[in-house]
Structure formats: structure tokens, C-alpha cells
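These are the residues of each chain, in order.
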Amino acid sequence: MPKLEINLQKIQQNANTLKNLLAGRNFSLIAVNKVTHGNPKIAKALIKGGIEYIGESRVVNIKKMRDNGVEAQYVLIQVPNLEEIPLIVEYVDFSVNSELETIKLLAKEAKKQNKIHNIILMIEMGDLREGIDPSNLFSIVEEILSLKNIRLSGIGTNMKCFRGIVPSEKNMLQLSEYAKQIELKFNLNLKFVSGGNSANFKWFTSCKNLGGVNNLRIGEALFLGRETINFDPIPNLYTDVFNLSAEIVELKKKEIKYGEKVVSNAFGESVQDVPMKIKNGRDEVTKGEIRNQALLNIGRLDIAINGIIPCEDVQILGGSSDYCILDIKDNHFVIGQTLNFKLNYEALLKAMISPYIEKIYVV
Ligand SMILES: *Cc1c(COP(=O)(O)O)cnc(C)c1O
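Residues numbered from 1 in each chain as written. Predicted model: local features only at pLDDT ≥ 70, side-chain atom pairs only at ≥ 80, totals over all residues. Heavy atoms only, no water.

Concerning the overall build of the protein
For clarity, the threshold we go by: In this text, helices come from DSSP runs of H or I with a minimum length of four residues, and strands from runs of E with a minimum of two, each type numbered from the N-terminal end. Contact between two residues is taken to exist if any of their heavy atoms lie within 4.5 Å; hydrogens are not considered. Using a 1.4 Å probe, the Shrake-Rupley method yields the accessible areas, and only the shown protein chains count as cover for residues. Asp and Glu count as negative and Lys and Arg as positive, but His and the ends of the chain are not part of the count. One atom stands in for each charge, and that atom is NZ of Lys, CZ of Arg, CG of Asp or CD of Glu.
Each helix and strand counted, the protein has 11 helices and 16 strands in total. Viewed in the frame of its principal axes, the protein has a C-alpha envelope of about 75 × 40 × 40 Å. Relative to all contacts within the protein whose residues are 6 or more apart in sequence, the contacts with residues 24 or more apart total 66%. Accessible surface computed for the protein: about 17,600 Å², of which carbon and sulfur atoms make up 49%. Charge centroids of the protein, computed over 45 positive and 42 negative side chains, lie 3 Å from each other.

Structure, rendered in C-alpha cells:
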């Protein structure tokens, strides 16, 4: 079975380093662990690192962490679906919202459960994801404030997620302005003015005027140690928290056959570039040349094959459901040998939930 090594010590330290960095400019941090699917061991490492707020996109994962004794304040960062409202009110401290209808149902359920439910109102600022149209801001806030059992705890926006908008001084000051106007007009104090995700890191460290923004919700930077505009490593964060290893199950010389009809692969995708990929892997591959290939016991069933980065000097040609297909160049490998890989966010997301990848915790 392929193995994913998870270094809990490094997660704890990354959490601590990021939290302190943000605290230096009076920012709070919501540590977003949706990439781990609410893994309680990892959540406990975050808490040890000083994290108070955990962000998760699935309420069942919040329930799982609570049931496993992970004590934190939980922020649901996916807007609620109606079916799960009773669970959300029961298990979630703060939820992000963009639909008044949903917020009214949260209020009703909160009354039933004799609770106050806190919400962070999301504002659409160009990313085309969740968020209200800011031209309706005051009327929506007014309606929210009229609801019992609901507290407006903050506003937020999300950038560089779907449309790819980059957080900037200009758009972040705009968010600050919305917060300031709400606070003045309705005479209240917003706990969270939440500027965004790991893509806000460069803005946070390089912008002189952060305005009234006072919170970030960070996942990828925390776990992979990189910001997400250029994917540059962040100083003092570990970029090697996770290591994936898979085993060589076939090792053969294979000939690239030309002259046969080629359509698409098993997934219906174009394969015209496969010989090209092989050429890039080696200096010169000519017609009919034999090359060294390995199959690994990991495939698209388990992982996003384009999101794994080999540590050895080999080239990933692609994946089928069950195998990763590698050009191993002139390496001398043996059957049963394992090769190591780093992962990008999507690969980590899949690896964490694949039952076919063993998780090994390093403390
Ligand atoms: C996933 C998510 C985040 C965290 O994003 P990263 O890129 O992992 O830092 C923050 N906010 C919302 C609403 C999200 O869905």
C-alpha cells in the first residue's frame, strides 16, 4: 500500500509560526484543515501550535473533531446547506453565509436549540464564488441584525479561488471600508474582517496599509509551507510536512510503438503528447527506441496524478486508475523499491481521504 507520512511536529510548528506572524499585525488566524478532512490527530497538532479557530468545509468533520476531543472554536467555511442546518447549529460556532433565506433558517434552528449562532457574511468581490452583492450590503445587514439568535460576527471575502483575482491593497481596503461602514452605521464591532486565504500571504507581508482587515483563513500555506500566488516557499515554514511513497510493481523496457491508430486513454483524454513527454524525459528518443519504465502501485483511484512531484530523477508520464507510469531514465531501480513524492494541494486532498493510502504519523 502507498504510504503518506505526516509530520505532526512540523504541522504544529508551522501553525505556531504563522499564528505569531499574523498576531504581529493584530490578525487572528483561522487554520483551515479541510485538506485533511478534519483529521483529529492533525487538528490536535494545530491546537498544540496555539491555534484557537479551526476552519472546516464539512460539518461532519467538525463533529468528528469535537467527538475526538479537539477543543477549538469551529468555523464552517462552506456556506450552509439547508439539510444540515440542525447539525450546523449544534456543532459549529461560526458559519460563513451569503443567503438571507439560509440565515433566517439558522436563526429559527438556533432558537429551537436555545443557542446563538455566529455568522460571517461573505461579500463577492470578483472571485465569482460565495458572497453577497456589496450594493445590497446595508439592507442585508439590517435584516440580519433584526434576527434573534443570530450574531453578525464578521464579514469576509474570498480571492484567487475560482476567477483567480489577486488580493491587493485596493480590494482589501475596499473590504475594510465595508466593515467600517457597517460598524459606524449599525454601531457594532465586527470580530472578523476576514481578508481571504493563503493567496493573501504576499499582501499581508508586503502591504504597508492593511486597513481594517484583521483575519485570514489559511490552509495551504500552513500545510505545504507556500503562499499561493507564485507558490513560493514561506520563510520559516516547513514545506516537507508530507511525504508520499509508492512501490515499483513493474519494471521493464518498453518500446514506443508508432504506426498504430491512437485515439484517447481510458479517461477519454488526448494522449498525443505521450511520446513528447518521453522525449522531454530523455535527451533523444527516436522511433522505436526502447526505454526504461516503471509502474507504481498508486493511480488516479488514489491521487491527483499530476499533483505529485517525484523526489528522484524520474518523469511521470501519467496515470491509469491503478498505476502511475514513470519514465525512470537511466536509474537502476528494483522491484519492490519505493519512490518518494511531494504533493500539491489537490493531491494531498485526495491522498488524505484515499483508504488505499496508509497514513503514518511522525511525532
Ligand atoms: C479553502 C478555503 C480557505 C483556505 O484556503 P487555502 O488556500 O487553503 O489557504 C479559506 N477560505 C475559504 C472560504 C475556503 O473555502
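Following the structure, the description resumes.
Remarks on the environment of D322
So the rule is basically this: Exposure classes here rest on a 1.4 Å probe applied to the protein chains alone. A residue is buried below 20% of its type maximum, exposed above 50%, and partly exposed in between.
With respect to the helices and strands, D322 occurs in the loop between β13 (315–319) and β14 (324–327). With a relative accessible area of 47%, D322 lands in the partly exposed category.

Examining the packing of helix α5 (residues 100–112) against helix α6 (residues 137–145)
Two packed helices can be described by the angle between their axes and the distance between those axes. The criterion, for reference: Where helices are involved, their axes are fitted lines through C-alpha atoms of the stretch in contact, as for all axes, and angles between N-to-C directions lie from 0 to 180°. Oblique is the label for any angle not under 35 degrees, not over 145, and not in the 65 to 115 range, which are roughly parallel, roughly antiparallel and roughly perpendicular in turn. Amino acids are sorted into nonpolar (Ala, Val, Leu, Ile, Met, Phe, Trp, Tyr, Cys and Pro), charged (Asp, Glu, Lys and Arg) and polar (every other residue, Gly among them).
For the pair α5 and α6, the least separation of the axes is 10 Å and the interaxial angle reads 10 degrees. One element, α5, and the other, α6, form an angle in the roughly parallel class. Two secondary-structure elements touch here, α5 through L100, I103 and K104 and α6 through I140, E143 and I144. When grouped by side-chain class, the residues that make up the contact of α5 with α6 number 4 nonpolar, no polar and 2 charged.

A word on the site of the ligand
Heads up, the rule is: A single heavy atom is enough: if one lies within 4 Å of a molecule or strand, its residue is considered near that molecule or strand. Polar contacts, as used here, are pairs of N or O atoms within 3.5 Å; protein pairs need one atom able to donate a hydrogen and one able to accept it. Residues neighboring in sequence count only if both atoms are side-chain atoms. In this analysis the probe radius is 1.4 Å and the grid spacing 1 Å, with only protein atoms considered; a cavity is a set of points the probe fits into but cannot get out of, a pocket is an open set with protein on both sides within 12 Å along at least five of seven lines, and lining residues have an atom within 4 Å of a point. If over half the atoms of a molecule are within 2 Å of the grid points of a cavity or pocket, the molecule is regarded as sitting in it.
Residues in contact with the ligand amount to 13 residues; listed here are only the nearest, K34, S198, R217, G219 and E220. One of the side-chain N or O atoms of S198 is found 2.5 Å from an oxygen atom in the ligand. Contact with the protein chains covers 92% of the free accessible surface of the ligand, which is 390 Å². With respect to the detected pockets, the ligand is housed in the second largest pocket.

Observations concerning the pattern of salt bridges
Note the cut-off: Salt bridges are counted wherever a side-chain nitrogen of Lys or Arg sits within 4 Å of a carboxyl oxygen of Asp or Glu.
Tallied over the entire structure, the rule returns 16 salt bridges. The shortest N-O distance in the salt bridge between K254 and E250 comes to 2.9 Å. Salt bridges sharing partners connect three or more residues here, namely K202, E227 and D232.

Thoughts on the layout of surface pockets
In this approach, a probe sized like a water molecule rolls over the atoms, and the result shows the empty space that is left. Let me state the cut-off plainly: Grid points are joined across faces, edges and corners, and a volume is the space filled by probe spheres set on the points.
Taken as a whole, the largest pocket spans an internal volume of roughly 850 Å³. Forming the boundary of the largest pocket are 30 residues, of which N265, V271, V274, P275 and L317 lie nearest the centre. Elements supplying a minimum of two residues to the lining of the largest pocket: β10 (242–255), α10 (274–281), β11 (290–296) and β13. In terms of residues, the lining of the largest pocket owes the most to one element, α10, which gives 4 residues. For the lining of the largest pocket, the per-class residue count stands at 12 nonpolar, 9 polar and 9 charged. Of the voids in this model, the second largest pocket is the one considered here, and its volume is about 390 Å³. What lines the second largest pocket is a set of 19 residues, among which K34, R129, C161, N197 and Y345 lie closest to the centre.

Looking at a nonpolar patch on the surface
Applied cut-off: Put simply, a patch holds well-exposed residues, over 30% relative accessible area, that have no salt bridge, with like charges counted together within 9 Å and Val, Leu, Ile, Met, Phe, Trp or Tyr side chains within 5 Å.
On the surface, M1, L301 and Y356 cluster together to form a nonpolar patch covering roughly 340 Å² of accessible area. With respect to the helices and strands, the residue Y356 is situated in the loop between α11 (345–353) and β16 (358–362). Since its relative accessible area comes to 44%, Y356 is described here as partly exposed.

Observations concerning helix α3 (residues 59–67)
Spelled out, the test is: As used here, the arc belongs to the directions running from the helix axis to the C-beta atoms.
Those residues of α3 that fall on the buried side of the exposure criterion are V59, N61, I62 and M65. Looking down the long axis of α3, one finds its buried residues gathered within 155 degrees of arc, a one-sided arrangement. Against the buried residues of α3 lie α2 (40–48), β3 (53–56), β4 (73–76) and α4 (85–91). At the C-terminal side of α3, G69 shows a positive phi close to 75 degrees.

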